[in-house]
Amino acid sequence: MLLYPKAYFDKIQNITIQFLIKNKIKILILDVDNTLIDKEEILSEEVIKWTKDIKGQGVRLYILSNTNRKQKVKKVAEKLEIPYIHFAMKPFKRGFKKIQKIVNESPERIAVVGDQIFTDIIGGNRCNMFTILVDPIKEKDYWYTAWKRPIENRIKSKITKEK
C-alpha cells in the first residue's frame, strides 16, 4: 500500500549500514526539512557524522527536497558533500526518477528516507523504491505540514519501529 513505508526508525542516525546491506540498498534519497535539519535549519553533528559514516561504507547519498528555497538545500548539501535537487514536488515521480537515472540503479536498490508519509513515502512507493520513514526531528512543523501529522500519526501507530 502506498501509505506504508518498508521500514520505520526514530531518527535517520538509527539507519545502520547493516540494515542497508541486509536490504540490498546502495543509494539513499534523503529529505531535508525535519529529516536532516530542524525548522530552525540546524544540522546536527550527529547527522553530519552519520552521513560521513554511511558514505564511507560505499552508500551514495542524494538530497531530494520539496522546498523552493534553493540556498537552504544547497547549504545542507554542501555541508554534507552530497548532490541535491530542490523544488522536487514530491510525491510526483519526476525527482525520484531523475535521481534513479543519474545513479543508473534499479529502484529496489534505492531507499527514500523522510519524515512525511504524504510526500516522501508515497513518492518513493510510487517509484517502487524502498521507503524508510523517520520521526520528525522536532515536533514543530510548518503550517503546510502540520495539518497532515494527525493522519500520519494514526498510520505510524500501526507500524513497528526498527531497532
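Structure's up top.
So, here's what we can say about the structure. None of the values given here were measured: they were computed from a predicted structure.

Before going further, it helps to spend a moment on the sheet that holds strand β4 (residues 84-85). Taking strand neighbours across the sheet as the criterion, the six strands line up as β1-β6-β5-β2-β3-β4 in an open arrangement whose pairing is parallel. Here the strands that pair on one side only, and so sit at the sheet edges, are β1 (7-9) and β4. Strands in contact with helix α4 (residues 94-103) are β2 (27-30), β3 (60-64), β4 and β5 (110-114); relative to β3, the strand with the most contacts, it is inclined by about 155 degrees.

Counting 31 residues, the largest nonpolar core has Ile-15, Leu-28, Leu-30, Leu-36 and Ile-132 as the members making the most contacts within it. Within the residue set of this core, elements represented by two or more residues are β1, α1 (17-22), β2, α2 (45-56), β3, α3 (70-80), β5 and β6 (130-134). Membership of the second largest hydrophobic core comes to 13 residues, among which are Ala-88, Phe-96, Ile-99 and Ile-110.

With that settled, the discussion passes to the environment of Asp-33. For Asp-33, the position within the fold is in the loop between β2 and α2. Look at Asp-33 and you get buried, because its relative accessible area is 14%. Along the primary structure Asp-33 and Asn-66 are separated by 33 residues, whereas in three dimensions their C-alpha atoms are 8.7 Å apart. A polar contact of 2.7 Å, which involves the side chain of Asp-33, links it to the side chain of Lys-72.

This next bit is on the pattern of salt bridges. Under the definition given, this model contains nine salt bridges. For Arg-69, the salt bridge is made with Glu-41, and the minimal N-O distance between the two is 2.8 Å. Here Glu-41 lies in the loop between β2 and α2 and Arg-69 lies in the loop between β3 and α3, a separation of 28 residues in the sequence. Salt-bridge contacts for Asp-120 lead to Lys-90; the nearest nitrogen and oxygen are separated by 2.6 Å. Of this pair, Asp-120 sits in helix α5 (residues 117-126) while Lys-90 is found in the loop between β4 and α4, placing the two residues 30 residues apart along the sequence. Its relative accessible area of 7% is what places Lys-90 among the buried residues. The structure contains a network of salt bridges with shared partners spanning Asp-31, Lys-90 and Asp-120.

Rules of the game
Residues numbered from 1 in each chain as written. Predicted model: local features only at pLDDT ≥ 70, side-chain atom pairs only at ≥ 80, totals over all residues. Heavy atoms only, no water. Pairing = 2+ DSSP bridges. Helix = DSSP H or I, 4+ residues; strand = E, 2+ residues; numbered from the N terminus. Contact = heavy atoms within 4.5 Å. Axes fitted to C-alpha atoms, helices over the stretch in contact; angles between N-to-C directions. Core = buried A, V, L, I, M, F, W, Y, C linked by side-chain atoms within 4.5 Å. Buried < 20%, exposed > 50% of the residue type's maximum accessible area, 1.4 Å probe, protein only. Polar contact = N/O pair within 3.5 Å; in protein donor to acceptor, adjacent residues only side chain to side chain. Salt bridge = Lys/Arg side-chain N within 4 Å of Asp/Glu carboxyl O.

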